[in-house]
Amino acid sequence: MPSRVGKSVVIAGGGAVGLCCAMHLLRRGYEVTVVDPGEPGDGASGHNAGLFSVGNCLPTSTPGVIRSVPRMLVDPYSPLAIRWPYLPRMLPWLLRFIASGRPAQVERASVAIAGLVKQALRAWEDVLPSDDCGGVVIEGGHLLGYGTDAVFAKAAFAIETRRRRGIDMRVLDADGIAELSPILEGRFRHGVYIPRGPWADPRVLCAALTDLMVSEGGRRVAGKVTGFVRSGSRVVGAETTGGRMDADVVVIAAGAWSKSLTRMLGFTTPLDTERGYGVDLPDPGVELPFPIISMDYHFGMTPLPNGLRLAGTDELAGLEAPPDYRRADRLVDATKLVFPELRTHGAKRWMSYRPSHPDSLPVIGRAPRQRNVFLAYGHGHIGFTLAAITGEIIGQLVSNEDPSLDMAPFRPSRFRLLDRR
């Protein structure tokens with residue numbers, strides 16, 4: 001480990017992104033403190049499908065999305081729903097979301113996402129020691145399953161976009177899917193198989209990553225960052241629920257709560273929350289060989305050591321509305337359409353907050369107004385996948401190294417009109 005460079009870093013947020021930022025900064029010799037109010041994996045980092053989505057290079061908004069908006073407003077069980085009371089607050093985000101579905105915008109976003117995704121597994125391997133918490137990761141592939149010809153036909157644009165981005169995949173018919181595993185025979189008419197798409201229990205991985213960070217000299221403090229201490233154009237400390245912490249560098253990686261922190265520094269981005277629902281089944285009666293994403297019903301099924309995880313559906317309702325667990329129950333109902341033998345005894349429902357920008361791209365970079373504040377948030381559906389490469393880039397930027405990727409698509413200033421003057 002390199003000698004300490006004598007600079008202290010406070011990271012607001014102890015999810016997967018914040019922890020990976022911490023690891024890269026520790027290994028560059030910084031003194032790192034991660035501030036987070038919950039236990040490791042309590043937030044969205046521990047409540048997702050647990051899938052390293054290396055086949056995902058598409059933004060959420062794609063051509064034709066505007067035709068889906070009426071359904072979002074009237075059908076509470078659609079894959080993406082909007083609660084009526086939240087619509088006025090959500091409208092600016094929604095209009096940007098629709099605009100991001102224009103073909104040229106989608107093409108640019110897919111290039112940017114693919115650039116990160118193609119580095120994702122290599123970056124995780126750099127963070128995780130193979131003989132420690134790396135053992136939490138299960139190697140293998142995952143399947144996007146299409147139950148009908150009509151749904152598969154609608155996927156032509158997504159499949160072709162993946163081809164253009166050079167994503168490693170195999171397009172299969174029903175017989176090809178059955179060859180992957182006998183349990184899949186007759187379940188889907190079409191499939192896209194990602195041959196190297198590992199997975200993990202995300203909460204277990206976050207806990208292991210926290211232990212690794214502490215073992216390498218980092219600190220984790222339970223609490224919230226509530227403000228910042230500024231001196232001119234620099235932030236010299238963070239106010240927390242446990243008191244002030246002096247800092248030479250601050251990293252904001254607080255997921256859905258990052259917007260409130262950046263506002264304190266005089267700028268913001270159009271960050272909002274896609275509330276994702278899930279169900280953990282301890283005795284599902286179904287042994288899947290690898291994760292499966294049902295493209296008909298827009299959710300994932302991930303086999304974990306302690307059972308089966310169902311995750312998916314999005315709800316636009318902000319951070320304050322109570323959960324609507326009927327959306328989690330919909331996941332169970334949809335799974336039974338594919339696997340009628342599913343057992344649900346002991347089911348545990350949950351909801352998480354996915355921090356999302358309307359263009360589906362994260363913010364990664366230096367804050368527009370404070371040269372020693374760095375931003376890493378807004379990863380939407382693939383924050384778990386992109387945590388390690390994001391941490392690598394933040395480590396490079398803090399250390400004044402050239403980043404390993406073109407950072408222009410992820411710059412905070414792409415939302416310049418939202419800066420408060």
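Residues numbered from 1 in each chain as written. Predicted model: local features only at pLDDT ≥ 70, side-chain atom pairs only at ≥ 80, totals over all residues. Heavy atoms only, no water.

Enquirer: An account of the overall build of the chain is requested, with residue identities and associated values reported.
Expert: Broken down by element type, the chain carries eleven helices and 18 strands. In summary, the chain has a C-alpha radius of gyration of 21 Å against a globular reference of 22 Å for 421 residues, a match within 12%. Viewed in the frame of its principal axes, the chain has a C-alpha envelope of about 65 × 50 × 40 Å. Counting only residues that meet the buried cut, the chain has 58% of its 421 residues in that class. In the chain, 76% of the contacts between residues at least 6 apart in sequence involve partners at least 24 apart. Total accessible area computed for the chain in this model is approximately 17,300 Å², and 52% of it derives from carbon and sulfur atoms. Of the charged side chains in the chain, 49 are positive and 43 negative; the average position of the first set lies 9 Å away from that of the second. (Helix = DSSP H or I, 4+ residues; strand = E, 2+ residues; numbered from the N terminus. Rg over C-alpha atoms; globule rule 2.2 N^0.38 Å. Buried < 20%, exposed > 50% of the residue type's maximum accessible area, 1.4 Å probe, protein only. Contact = heavy atoms within 4.5 Å. Areas by Shrake-Rupley, 256 points an atom, 1.4 Å probe, with all protein chains shown as cover. Lys, Arg positive; Asp, Glu negative; His and termini not counted. Charge placed at Lys NZ, Arg CZ, Asp CG, Glu CD.)

Enquirer: Tell me what's going on with the nonpolar core, and back it up with residues and numbers.
Expert: If you look at the biggest cluster of nonpolar residues, it comprises 63 residues, and the most contacted ones within it are Ile11, Val32, Trp124, Leu209 and Val251. Among the elements that line this core, the one with the most residues is helix α4 (residues 103–127), at ten residues. Dropping the residues within four chain positions of it, Trp124 is found in contact with Cys20, Phe52, Leu205, Leu209, Phe384, Thr385, Ala387 and Ala388. Residues Val286, Phe290, Met301 and Ala334 belong to the second largest nonpolar core, which totals 30 residues. (Core = buried A, V, L, I, M, F, W, Y, C linked by side-chain atoms within 4.5 Å.)

Enquirer: Give a detailed account of unusual backbone geometry, specifying residues and quantitative values.
Expert: A positive phi is found at Thr313, a non-glycine position, where the angle reads about 60 degrees. With respect to the helices and strands, the residue Thr313 is situated in strand β15 (residues 307–316). A relative accessible area of 3% places Thr313 in the buried class. You will see that Asn400, though not glycine, has its phi angle at about 60 degrees, which is positive.

Enquirer: Help me get a handle on the state of the cysteines, residues and values and all.
Expert: Counted under the stated rule, the structure contains zero disulfides. Of all cysteine sulfurs, the one in Cys20 lies closest to Cys21, which takes part in no disulfide; the gap is 7.4 Å. Taking the relative accessible area as the measure of exposure, Cys21 reaches 0% and is therefore buried. (Disulfide = S-S within 2.5 Å.)

Enquirer: Any details on a negative patch on the surface? Residues and values, ideally.
Expert: A grouping of Asp173, Asp175, Glu179 and Glu185 is seen on the molecular surface, where their side chains present a negatively charged patch. Mapped onto the elements of the fold, Glu179 is located in helix α7 (residues 174–180). What makes Glu179 exposed here is its relative accessible area of 70%. (Patch = residues over 30% accessible without salt bridge, like charges linked within 9 Å, V, L, I, M, F, W, Y side chains within 5 Å. Salt bridge = Lys/Arg side-chain N within 4 Å of Asp/Glu carboxyl O.)

Enquirer: Go over the pattern of salt bridges with me, naming the residues and quoting the values.
Expert: Tallied over the full model, the rule gives 21 salt bridges. A salt bridge links Arg27 to Glu216, with the shortest nitrogen-to-oxygen separation between them at 3.0 Å. You can see Arg27 sitting in the loop between α1 (16–26) and β2 (31–36) and its partner Glu216 sitting in the loop between α8 (202–215) and β7 (219–222), a full 189 residues away along the chain. Judged by its relative accessible area of 17%, Glu216 falls in the buried class. Between Arg220 and Asp36 there is a salt bridge, and its shortest N-O distance comes to 3.4 Å. Residue Arg220 is located in strand β7, and its partner Asp36 is located in strand β2; the two are separated by 184 residues in the primary sequence.

Enquirer: How would you sum up the packing of α4 against helix α11 (residues 383–398)? Please name residues and give values.
Expert: Where α4 meets α11, the closest approach of the two axes is 7 Å, and the angle between their N-to-C directions is 75 degrees. In terms of orientation, α4 and α11 fall into the roughly perpendicular class. Along the contact surface, α4 presents Leu116, Val117, Gln119, Ala120, Arg122, Ala123, Trp124, Asp126 and Val127, while α11 presents Phe384, Thr385, Leu386, Ala387, Ala388, Ile389, Glu392 and Ile393. Of the residues that constitute the contact of α4 with α11, the class distribution is twelve nonpolar, two polar and three charged. (Axes fitted to C-alpha atoms, helices over the stretch in contact; angles between N-to-C directions. Parallel < 35°, antiparallel > 145°, perpendicular 65-115°, else oblique. Nonpolar A, V, L, I, M, F, W, Y, C, P; charged D, E, K, R; others polar.)

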